[in-house]
Amino acid sequence: LLAGRMRRDDERAESERVLVRYERGFEPARFDLVVMRSEHDDVPLVKRAVGLPCENLAVRDGDLLIDGRLLPPEEPRPAPIPVYDDRLLQPEEFFHRREDGSVRREGDAWVVEGGPGAPGNRLTYHPALRDDSFDRDGRRVHGVVEVNDARLELAFRIDGALAAQHLYFQLVEAGDTFTLELSAEAPGLRLTRYNHLLQKESKSAEVLLERELALPDECWLTLAFANIDNHLAVALPELDLALGVSYAENVPLAGATSLAQHLGPRVAFGVEAGRARFRAVRILRDLYYTSAGRYGTTEPILLGPDEYFLLGDNSSVATDSRQIGPVHARWLFGRPVAVLWPTPRWLHGAERGPD
């Protein structure tokens, strides 16, 4: 399950022993994990049910389309997959920042001096956002495919609020830069989108969302900022705030190639004026499905009344319905319940998807 056929340089890939609840005739919901065995192969496989009976399904640019549309934001999804975590990696190796002391590590936090005003000071995550993951020992497994959708999680604290102070958090996809701005000035929260093609005349960002927000200082707050399937979501649990807004589609870069689909660093955060601290930084990605195989990738596929479309989470190395086609309901014989060996997952504290 964990990392599947993705082999590390220092060790061979290992299988895992999985406890399975046999359950003939069950009807999985979307994204449920299932165990299957085809009529032509005795090897059982754990996959995720992404396409349900009678649906028209397609895999396009890493995303899953049902009846020609992305899934709505309210539909449940698998948990995003961490690609960076302060607790597991050396932060100094993954972020570009000024070397003049205005950005520094103190204990487990970044301290960022914003200076007197714009443009402020920031940290940018410099690796490409690929289908990375962590193995069972918390070591980074390098991916091979650049993904689209990202989520930033962190905790922050303002060291003495200033009237001109702004905290900002950025996610980049294709030619779009989405900026979440938090400030002591009204409205307090602003979410914008800037694209050099859309706003090349005005040079001003499109305001997607504004909300009155009183931002306290001298206390830690947690933030989640995500861009999943053309939907932006912001959560500040301590302030009992959860907001979201959808947009039509991303605007690609002019002259973009398969090697340059996204503009610059994909994740950044910083402060204008004053000083702020950031800790517990995590960057996560959505599942990304490659175009390997011919079922559902070269053209949409219509599932029959007893057919499911199964995909593996580690798409770049998985063999699934993209190659073997739809799976008959009679091939599904159970649900994976828990990993028993070599490291019981519930003891390790890390949930991983199938390969």
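The next point concerns a nonpolar patch on the surface. A surface patch of nonpolar side chains, about 370 Å² in accessible area, is lined by L19, V337, L340 and W341. Looking at the nonpolar patch element by element, the count peaks at three residues for strand β27 (residues 332-341). The topology assignment puts W341 in strand β27.

Moving on: the nonpolar core. Core analysis: the biggest nonpolar cluster contains 49 residues, and F95, F156, F169, L182 and F278 have the highest contact counts within it. Here this core gets five residues from one element, more than from any other, and that element is strand β14 (residues 150-158). The next biggest cluster of nonpolar side chains, apart from the first, holds 14 residues, and it includes L57, I66, L287 and L311.

This part covers the sheet that holds strand β4 (residues 56-60). Spatial ordering of the open sheet is given by β6-β5-β4-β24, a layout of four strands whose pairing is antiparallel. Both edges of this open sheet fall to β6 (69-70) and β24 (301-302), since each of them pairs with a single strand only. Relative to β6, strand β5 (residues 63-66) runs antiparallel, the two sharing two bridges. The residue bridging I66 from the neighbouring strand is R69, located in β6.

Between A186 and the following residue, P187, the backbone shows a cis peptide bond with an omega angle of 5°. Here P187 shows up in the loop between β16 (176-183) and β17 (188-195). Its identity as a non-glycine residue notwithstanding, N230 has a phi of 60°, on the positive side. Mapped onto the secondary structure, N230 falls in the loop between β19 (221-228) and β20 (231-236).

Considering all chains together, one arrives at 12 aromatic pairs under this definition. Relative to F94, the ring of Y84 lies with its centre 5.4 Å away and its plane at 55°, an arrangement referred to as tilted. With Y84 in strand β7 (residues 81-85) and F94 in the loop between β7 and β8 (95-96), the pair connects residues that are 10 residues apart, well separated along the chain. A relative accessible area of 0% places Y84 in the buried class. Aromatic side chains F156 and F169 sit 6.0 Å apart centroid to centroid with 50° between the ring planes, which places their arrangement in the tilted category. Pair noted here: F156 is in strand β14 and F169 is in strand β15 (residues 166-173), with a separation of 13 residues, a long-range link. Through a chain of ring-to-ring contacts, the aromatic side chains of Y84, F94, F95, W110, Y125, F156, F169, F269 and F278 assemble into a single cluster.

To continue, consider the environment of L303. You can see L303 is positioned in the loop between β24 and β25 (307-311). By relative accessible area, which is 3% here, L303 ends up buried. In this structure the C-alpha to C-alpha distance between L303 and V327, which are 24 residues apart in sequence, comes to 9.3 Å. In this structure, L303 is in contact with G51, L52, P53, C54, E55, Y308, F309 and P326, ignoring residues within four places of it in sequence.

Spatial ordering of the open sheet is given by β1-β27-β2-β3-β25-β26, a layout of six strands whose pairing is antiparallel. Unpaired on one side and paired on the other, β1 (17-22) and β26 (327-328) mark the two borders of the sheet. As paired strands, strand β2 (residues 33-36) and β27 are joined by two bridges and run antiparallel to one another. Its bridge partner lying in β27, M36 is registered against L332.

Another aspect to go through is the pairing of strand β23 (residues 274-285). Taken together, the four bridges between β7 and β23 define a ladder with antiparallel strand orientation. Across the sheet, residue Y84 finds its bridge partner in β23, namely I283. Inspection of the sheet shows strand β10 (residues 109-115) paired to β23 by six bridges, in the antiparallel sense. Bridge pairing links A109 to R279 in β23. In terms of strand pairing, β14 meets β23 through eight bridges, oriented antiparallel. Paired with R151 across the strands is L284, a residue of β23.

Analysis parameters
Each chain carries its own residue numbering, running from 1 in the direction its sequence is written. Reporting of local features is limited, given that this is a predicted model, to residues whose pLDDT is at least 70; pairs of side-chain atoms are given and counted only at 80 or more, and all residues count toward the totals for whole chains, interfaces and linings. Working from all heavy atoms in the structure, the side-chain values ignore hydrogens and water. Like charges are joined within 9 Å and nonpolar side chains (Val, Leu, Ile, Met, Phe, Trp, Tyr) within 5 Å, but only among residues with over 30% relative accessible area and no salt bridge; these make up the patches. Throughout, the Shrake-Rupley method with a 1.4 Å probe supplies accessible areas, and for residues the shown protein chains are the sole cover considered. Salt bridge criterion: a side-chain nitrogen from Lys or Arg within 4 Å of a carboxyl oxygen from Asp or Glu. To qualify as a helix, a DSSP run of H or I must reach at least 4 residues; to qualify as a strand, a run of E must reach at least 2; elements of each kind are numbered from the N terminus. Here, nonpolar core means buried Ala, Val, Leu, Ile, Met, Phe, Trp, Tyr and Cys residues that are tied together by side-chain atoms lying within 4.5 Å of each other. Between buried and exposed lies partly exposed: a residue is buried under 20% and exposed over 50% of the maximum accessible area for its type, with that area taken using a 1.4 Å probe on protein chains only. Strands pair, by our definition, only if DSSP identifies at least two bridges between them. Whether two aromatic rings pair depends on their centres lying within 6.5 Å, for rings of Phe, Tyr and Trp, where Trp uses its six-membered ring; planes under 30 degrees apart make the pair stacked, over 60 edge-to-face, and the rest tilted. The contact criterion used throughout is that any non-hydrogen atoms of two residues lie within 4.5 Å.

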